[in-house]
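# Descriptive structure summary
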Amino acid sequence: MLERFELETLFALADELHFGRAAARLHVSTGRVSQTLKQMERRIGTPLFTRTSRSVSITPAGQQLHDDLRPAYDQLRAALEKAMAATGTVSGPLRVGYTTLWCGDLVVRAADVFRMRHPDVEVRIQEVLIHNPIGALRAGELDLQLSEFPIVEPDITMGPVVLNEPRALLVPADHPLARQETVSLEDYALAPLITVEGAVPDYWLEEHFPSRTPSGKPVPRGRAVTYWQEVLPDVSAGKGVTTVCARAVHHHMHPGVAFVPFRDAPPIRYGLMWPTGSESARARLFMDTILEVADAARTVH
């Protein structure tokens, strides 16, 4: 009979097809993953993975074992996690990411509350860069993330929406739009739109940086940036405009720019997401905490 860690190693390697990423996901060394796999293969009597200096692939025998064991393993893990969550006895690391300062503020406040309730959980927080919004989740570096929706990917699960924030247009301070109290989605057609480049899904870009206005007018494209820090000086220099969360005015003031709220744009949704199939009791409890803290903040304001 295979032990639990052997099962976790099998599934992590099957998902990642990379010893380093599997080890990071399991929070162990690469050597332990390799040793555990060798033990399984000796016990079963056949190779489960084929390894070369450049790649890892699962063998037909490994795939069959994976497919046969997965339903039972998922059921066992779900039962264990449910029991742990019910008693509040959770421990271990929890890695949480965020993409904006206001999401980061909320994550930090939730982590303070969570640590008091669950002192045996080590909450680790890190920023996720906008040019690669789901890379850390896919690499097994994060258990949970709070960032902009939508993310519609088979290996990423979208959870609850935590924040619904009004949109604004970031414009040069001397641009005619800066003299208006509000702007419309049709105003996108009036200036080059600075966008984002990188490992960003096309549908996400269209949601936040549309290619056409609601009436069908083409939106002129400005420079595509990799980091948010590039946006403010570009807008200040008159290179274009960009869409932002209205709350950004409190975090990203810069000489020569103005934040003008939209009057007809839908809110930006910030929600929780995690790698599909890897939700843990720690993550579920942290989600409950962050929703609680967000609700409390809305009540205060």
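Here's a quick rundown of the structure. Numbers given for residues are sequential positions, taken from 1 along each chain in its written order. Reporting in this predicted model follows two pLDDT cut-offs: at least 70 for local features of residues, and 80 or more for side-chain atom pairs to be given and counted; totals over whole chains, interfaces and linings ignore these cut-offs and use all residues. By convention in this description, side-chain values take in all heavy atoms of the structure and omit both hydrogens and water.

## Comments concerning the pattern of salt bridges
We define a salt bridge as a contact between a side-chain nitrogen of Lys or Arg and a carboxyl oxygen of Asp or Glu at a distance within 4 Å. For the coordinates displayed, the defined rule picks out 14 salt bridges. R51 is the partner of E41 in a salt bridge, and the nearest nitrogen-oxygen pair spans 2.9 Å. Separated by ten residues along the polypeptide, E41 in helix α3 (residues 30-44) and R51 in strand β1 (residues 49-51) bring together distant segments of the chain. Note on exposure labels: buried denotes an accessible area under 20% of the residue type's maximum, exposed denotes more than 50%, and partly exposed covers the range between, all computed with a 1.4 Å probe on protein chains only. Accessibility expressed as a relative area gives 12% for E41, which makes it buried. Of the residues examined, R51 reaches a relative accessible area of 33% and is grouped as partly exposed. Among the salt bridges present, the one from R115 reaches D112, with a minimum N-O distance of 3.5 Å. Of this pair, R115 and D112 both sit in helix α5 (residues 101-117), three residues apart, roughly one helical turn. Since its relative accessible area comes to 34%, R115 is described here as partly exposed. For D112, a relative accessible area of 43% gives the class partly exposed. Secondary structure elements follow DSSP: runs of H or I of four or more residues count as helices, runs of E of two or more count as strands, with numbering from the N terminus.

## Topic: the packing of aromatic side chains
Ring geometry is summarised as follows: Phe, Tyr and Trp rings, the Trp one being its six-membered ring, pair when their centres sit within 6.5 Å, and such pairs are stacked at plane angles under 30 degrees, edge-to-face over 60 and tilted between the two. Under the counting rule described, the total for this entry stands at four aromatic pairs. Taking 5.3 Å as the distance between ring centres and 65° as the angle between the ring planes, the aromatic pair formed by F114 and F286 counts as edge-to-face. With F114 in helix α5 and F286 in helix α9 (residues 281-300), this residue pair connects regions lying 172 residues apart in the sequence. Each member of the pair, F114 as well as F286, carries the same accessibility label: buried. Ring plane angle 45° and centroid distance 5.4 Å describe the contact between Y188 and F262, whose orientation is recorded as tilted.

## Overview of the environment of V121
Note that V121 resides in strand β4 (residues 121-127). A relative accessible area of 4% means that V121 is categorised as buried. With 69 residues separating them in the primary sequence, V121 and T52 have C-alpha atoms 37 Å apart. The contact criterion used throughout is that any non-hydrogen atoms of two residues lie within 4.5 Å. Apart from residues no more than four positions distant in its own chain, V121 is found in contact with V90, S91, G92, L94, F114 and R282.

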